[in-house]
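Working through the structure, step by step
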Amino acid sequence: MKKAILALSLTTVMLFSHASITDAESYVDDILKLQPDISREELLQDVQMIASNTGQSEQVILEQIYTELKEDEAKGIAEKSAYSQEKYGISTRGGSGGTVSVGSSTKGNFYYTPSETAYLDHGHVGMYYTSTTIVESVPSDGVRTISTSARKVDSSGAVVKSVSTSTTNRNNAADWTYSQVGQLYSYNFATNRLTGHDGAKNCSKLIWSAYKLNGNLDLDVNGGLGVYPRDIRDAPDTVLVRNI
């Protein structure tokens, strides 16, 4: 423990000057285990920004991030237990690893599918830009389009949902996601609610921003610092269209 404390960067020491460095560093380490694709520096910068904007302590913010990640992890475990390992879709963070097409749906609807790697299980969401075209953000391509026939998922746990708003808002939200095609992928789920709408984004941020900007809807079931795919799926302003 002493070695770990001595090894803290100057940034970390300055950032947690008003909290227990040991406790704060423990949260940082635990968060990075659950969200390994973001850097320590990025996490600390985000925490500092949130603390400056909200007046909350860095310790409280770290605890909230960790709690949200653990809650999402628990949802993933429950999701897997609901379906046998044989049926459960294990794919690469939104990659087309399944055997069932998502099928067609109405512009502005979205689909959710279970999705995980060995260390990251947040699920995955994508938006219907047309009845047969999906816009989604995946690590390999960033924000892209893909046909519904080519977008394959494992059927267990995958759903199509609509958003309870006007047709104009749904169309505008879908058009906005299409305008983001070509943007890079962001691995930051932990604080993506507070990052900008433009630039790099992951799958859930793409859909959350689309409806936040077009209809002022908050498709986040718990209103936390991070918007995860299951937060989009479970948002109260969404309605089940069909199981895939």
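Our subject is the structure listed above.
Let me begin by describing the structure that accompanies this report. (Residues numbered from 1 in each chain as written. Predicted model: local features only at pLDDT ≥ 70, side-chain atom pairs only at ≥ 80, totals over all residues. Heavy atoms only, no water.)

**Focus: the packing of helix α6 (residues 167-179) against helix α7 (residues 203-213)**
One can describe the packing of α6 onto α7 by two numbers: an axis separation of 8 Å at closest approach and a directional angle of 135 degrees. Considering their axes alone, α6 and α7 lie oblique with respect to each other. The interaxial crossing formed by α6 with α7 has right-handed handedness. For the pair α6 and α7, contact is made by Asn 169, Arg 170, Ala 173, Trp 176 and Thr 177 and by Leu 206, Ser 209, Ala 210, Tyr 211 and Leu 213, respectively. Grouping the amino acids of the contact of α6 with α7 by side-chain chemistry returns six nonpolar, three polar and one charged. (Axes fitted to C-alpha atoms, helices over the stretch in contact; angles between N-to-C directions. Helix = DSSP H or I, 4+ residues; strand = E, 2+ residues; numbered from the N terminus. Parallel < 35°, antiparallel > 145°, perpendicular 65-115°, else oblique. Left-handed = near helix turned anticlockwise from the far one by under 90°. Contact = heavy atoms within 4.5 Å. Nonpolar A, V, L, I, M, F, W, Y, C, P; charged D, E, K, R; others polar.)

**Some points on the sheet that holds strand β7 (residues 159-163)**
The strands making up a sheet associate through hydrogen bonds between their backbones, and the pairing can be parallel or antiparallel. Pairing within the open sheet is antiparallel, and its six strands lie in the order β5-β4-β3-β2-β7-β8. Two strands close off the open sheet at either side, each with one partner strand: β5 (142-147) and β8 (238-243). On average, adjacent strands in this sheet sit at an angle of 30 degrees to one another, irrespective of strand direction. The strands touched by α6 within the sheet are β3 (124-130), β4 (133-138), β5 and β7, with β3 carrying the most contacts at an inclination of about 105 degrees. (Pairing = 2+ DSSP bridges.)

**With respect to unusual backbone geometry**
With a phi angle near 55 degrees, Asn 216 is a residue other than glycine that sits in the positive phi range. One can find Asn 216 in the loop between α7 and α8 (229-233).

**Re the pairing of β3**
Most of β3 is tucked away: five of the seven residues are buried. As defined by bridge partners, strand β2 (residues 110-113) adjoins β3 across four bridges and the pair is classed as antiparallel. Bridging from a neighbouring strand, Thr 113 pairs with His 124 of β3. In terms of strand pairing, β3 meets β4 through three bridges, oriented antiparallel. (Buried < 20%, exposed > 50% of the residue type's maximum accessible area, 1.4 Å probe, protein only.)

Keep in mind these numbers describe shape, not what the thing actually does.
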